[in-house]
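Results of the structural survey
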Amino acid sequence: MTNNPFQMSRWQLAHGRSLELGTRGVLMAIINVTPDSFSDGGRFVDPAAAVAAGLRSVEQGAEILDIGGESTRPDAEPVTAEEEQGRILPVIAGLARETRAIISVDTYRAETARLAVEAGAHIVNDVHGLQREPAIADVAAATGAGLCIMHTGRDRQKLDDVVDDQFHFLDRSLQIASEAGVARERIVLDPGFGFAKDTNENLELMARFAELHRFGLPILVGTSRKRFIGAVTGRDAPVRDIGTAATTALLRAAGAAIFRVHDVAINRDALVMADAMLAAKNS
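Model, not experiment: these values are computed from the prediction.

Leaving glycine aside, a negative phi is the common case for residues, and trans is the common case for peptide bonds. Despite not being glycine, Leu 130 shows a phi value in the positive range, around 70°. Among the structural elements, Leu 130 can be located in the loop between β6 (123–126) and α4 (135–143). Given a relative accessible area of 0%, Leu 130 falls into the buried group. With a phi close to 60°, Ala 196 is a non-glycine residue in the positive phi region.

Put into structure tokens, the structure is as follows:
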């Protein structure tokens with residue numbers, strides 16, 4: 001991909017699949033198979049309920065379904081690899097049978113990623129940016145999975161400048177991916193809104209988003225219902241979807257490619273409007 005975020009590129013994924021990015025925004029629906037996620041914990045712990053939620057999300061406009069078995073909120077209780085796999089693998093297998101939608105697994109564990117791709121997942125989405133279990137990059141290389149590499153500020157000393165810290169962290173992650181043999185056309189980056197970033201840092205990251213295109217890679221954003229949206233709007237987590245949709249439209253205009261959201265329908269409308277504006281601007 002060039003530094004033009006609106007130029008078409010094709011994200012290469014596992015199982016011979018691919019996804020066109022750049023010319024339009026793409027929605028990734030969050031399907032948390034967890035009892036304790038910050039805004040929807042417990043809703044989809046039953047595999048059948050999670051599969052049904054995924055199918056509804058596809059009907060509403062999601063092209064990717066992101067399945068996670070361990071909450072990433074700051075005070076969440078850790079789970080074992082066996083617990084995580086027990087939660088997500090039946091859901092991934094069920095969705096792979098029921099839909100042609102792209103399936104993503106939200107995990108930092110190499111073995112979970114391997115089993116998830118084996119069960120039908122096309123994408124590995126690592127919130128630790130390959131830096132907790134670097135072997136997850138080897139799994140992506142071996143399986144041909146698409147790889148989403150997220151920035152985090154957790155458990156380390158951040159640089160003072162919010163964009164400098166993106167390059168400091170993600171350059172290391174990209175080095176890990178390259179050394180494992182992951183091709184660049186399989187990589188998407190995520191700046192990690194909300195992950196050890198305060199409200200001002202998140203807003204500055206939005207304001208300076210265009211600087212991230214220097215990576216020359218498509219960018220996924222996950223602002224959905226995050227605390228900084230609550231800080232600005234005064235809304236509690238379950239009712240931050242309008243604020244989320246505003247960030248979706250703003251970040252699409254700034255060149256984001258993929259949007260990881262809880263409420264697919266409202267963000268679908270935000271993306272349609274943003275893409276219509278961009279088309280008018282470029283006509």
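Applying the stated criterion across every chain yields a total of two aromatic pairs. Taking the centre distance of 4.1 Å and the plane angle of 10° together, the rings of Phe 167 and Phe 215 count as stacked. Taken as a pair, Phe 167 in helix α5 (residues 162–180) and Phe 215 in the loop between α6 (199–207) and β9 (220–221) lie far apart in primary sequence, 48 residues in all.

Moving on, we get to the pairing of strand β8 (residues 187–190). Along β8, one buried face is formed by Ile 187 and Leu 189 and the opposite face, lined by Val 188 and Asp 190, is buried too. Pairing geometry for strand β7 (residues 146–150) and β8, over four bridges, is parallel. Within β8, the position partnered with Leu 147 by the bridge is Ile 187.

Turning next to the sheet that holds β6. Ordered by their spatial adjacency, eight strands build an open sheet running β8-β7-β6-β5-β4-β3-β10-β9, and the pairing between neighbours is parallel. Two strands close off the open sheet at either side, each with one partner strand: β8 and β9. Contacting β3 (26–32) and β4 (64–68), helix α1 (residues 47–60) runs over the sheet at an angle of about 165° to β3.

A few words on the pairing of strand β2 (residues 18–21). In β2, alternate side chains face the same way, and those of Leu 19 and Leu 21 are buried while those of Ser 18 and Glu 20 on the opposite face are not. Note: strand β1 (residues 9–12) against β2, four bridges, orientation antiparallel. The residue of β2 that forms the bridge with Arg 10 is Glu 20. The antiparallel hairpin formed by β1 and β2 contains five residues in its connecting segment, where His 15 sits at a positive phi of about 60°.

Below, the discussion takes up the packing of α4 against α5. Relative to each other, α4 and α5 sit at 45°, their axes nearing to 8 Å. On the basis of the axis angle, α4 is oblique to α5. The two elements α4 and α5 cross, and the hand of that crossing is right-handed. Residue-level contacts link Ala 137, Asp 138 and Ala 141 of α4 to Ile 176, Ala 177 and Ala 180 of α5. For the contact of α4 with α5, a count of residues per class yields five nonpolar, no polar and one charged.

Further remarks concern the packing of helix α2 (residues 81–98) against helix α3 (residues 110–119). Closest axis-to-axis distance for the α2/α3 pair is 9 Å, and the angle between their directions is 20°. With respect to α3, the element α2 is oriented roughly parallel. As for the relative orientation of α2 and α3, their crossing is right-handed in sense. Contacts between α2 and α3 involve Ala 81, Glu 84, Gln 85, Ile 88, Leu 89, Ile 92, Ala 93 and Ala 96 from the first element and Glu 111, Thr 112, Leu 115, Ala 116 and Ala 119 from the second. Across the contact of α2 with α3, the residue classes tally to nine nonpolar, two polar and two charged.

Moving on, we get to the side chain of Asp 66. For Asp 66, the position within the fold is in strand β4. At 3.2 Å, the side chain of Asp 66 and the side chain of Asn 125 are in polar contact. Side chain to side chain, Asp 66 and Arg 260 meet in a polar contact 2.7 Å long. Residue contacts for Asp 66: discarding those within four places in its chain leaves Met 28, Ala 29, Ile 30, Ile 31, Ser 104, Val 105, Asp 106, Asn 125 and Arg 260.

So, on to the environment of Ser 57. Summarising the element assignment, Ser 57 is placed in helix α1. Separated by 26 residues in the primary sequence, Ser 57 and Glu 83 have C-alpha atoms spaced 25 Å apart. Once residues within four sequence positions are removed from consideration, Ser 57 is found in contact with Ala 29, Ile 31, Ala 62, Leu 65 and Val 264.

Conventions adopted
Residues numbered from 1 in each chain as written. Predicted model: local features only at pLDDT ≥ 70, side-chain atom pairs only at ≥ 80, totals over all residues. Heavy atoms only, no water. Helix = DSSP H or I, 4+ residues; strand = E, 2+ residues; numbered from the N terminus. Buried < 20%, exposed > 50% of the residue type's maximum accessible area, 1.4 Å probe, protein only. Phe/Tyr/Trp six-rings, centres within 6.5 Å; stacked < 30°, edge-to-face > 60°. Pairing = 2+ DSSP bridges. Contact = heavy atoms within 4.5 Å. Axes fitted to C-alpha atoms, helices over the stretch in contact; angles between N-to-C directions. Parallel < 35°, antiparallel > 145°, perpendicular 65-115°, else oblique. Left-handed = near helix turned anticlockwise from the far one by under 90°. Nonpolar A, V, L, I, M, F, W, Y, C, P; charged D, E, K, R; others polar. Polar contact = N/O pair within 3.5 Å; in protein donor to acceptor, adjacent residues only side chain to side chain.

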